[in-house]
Amino acid sequence: MKSVLIVALAIGALVSTVLLVMEQLTDYSIAVKAWEMPGISAAYLFWGAVGSSVFLGVAITWAVNAIVYGAPAFVVLTVVKLAIRGLPK
């Protein structure tokens, strides 16, 4: 189960990284920003706690999005792993 969690978080981190890069490539369009909402909301929430640091705001955005987008990957990987275990040998 630990390996599934690590793989899911890696998938979430990859998705988060792609979304952060896409946001810059599309000139911060509203369509891409809608996908960033969980992380951006968390960054705004903790903005005062990190001293208005842009770097820490982006780090919070990336980390929260990695968790949010890794959660569905964790569910899918767990279901696939359980389905494979249930197959007859």
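Rules behind the numbers
Residues numbered from 1 in each chain as written. Predicted model: local features only at pLDDT ≥ 70, side-chain atom pairs only at ≥ 80, totals over all residues. Heavy atoms only, no water. Helix = DSSP H or I, 4+ residues; strand = E, 2+ residues; numbered from the N terminus. Contact = heavy atoms within 4.5 Å. Areas by Shrake-Rupley, 256 points an atom, 1.4 Å probe, with all protein chains shown as cover. Patch = residues over 30% accessible without salt bridge, like charges linked within 9 Å, V, L, I, M, F, W, Y side chains within 5 Å. Salt bridge = Lys/Arg side-chain N within 4 Å of Asp/Glu carboxyl O. Expected span 1.5 Å × (residues − 1). Bend = angle between axes of the 7 residues up to and from the residue. Buried < 20%, exposed > 50% of the residue type's maximum accessible area, 1.4 Å probe, protein only. pLDDT = per-residue confidence, 0-100.

Is there a simple way to think about the overall build of the protein chain in this case?
Within the protein chain, the secondary structure is distributed over four helices and zero strands. If you list the helices and strands of the protein chain from N to C, you get α-α-α-α. The long-range fraction of contacts in the protein chain, counting pairs at least 24 apart against all pairs at least 6 apart in sequence, stands at 64%. If you sum the accessible surface of the protein chain, you get close to 6100 Å²; carbon and sulfur atoms cover 79% of it.

Help me understand a nonpolar patch on the surface in this model?
A cluster of nonpolar side chains, namely V76, V80, I84 and L87, defines an oily patch on the protein surface of about 380 Å² accessible area. Looking at the element boundaries, V80 is found in helix α4 (residues 54–85).

Would you mind going over α4 with me for this structure?
Two residues of an α-helix separated by three or four positions point the same way, owing to the 3.6 residues in each turn. For α4, with 32 residues, the first-to-last C-alpha span of 45 Å sits near the 46 Å given by 1.5 Å per residue. Where α4 bends most, at G70, the angle is about 30 degrees, and the proline P72 comes one to four residues later. Listed in full, the buried residues belonging to α4 are G57, I60, T61, N65, A66, Y69, G70, A73 and T78.

Where do I start with the confidence of the model for the protein chain in this structure?
Low-pLDDT portions of the prediction should not be read for the details of their coordinates. Scored by pLDDT, the protein chain has a mean of 77; 75% of the residues are at 70 or more. Model confidence for the protein chain, summarised as mean pLDDT per element, is weakest for helix α2 (residues 30–35) at 55 and strongest for α4 at 85.

Looking at this structure, how should I read the side chain of T78?
Within the secondary structure layout, T78 lies in helix α4. Among the residues examined, T78 registers a relative accessible area of 14% and is labelled buried.

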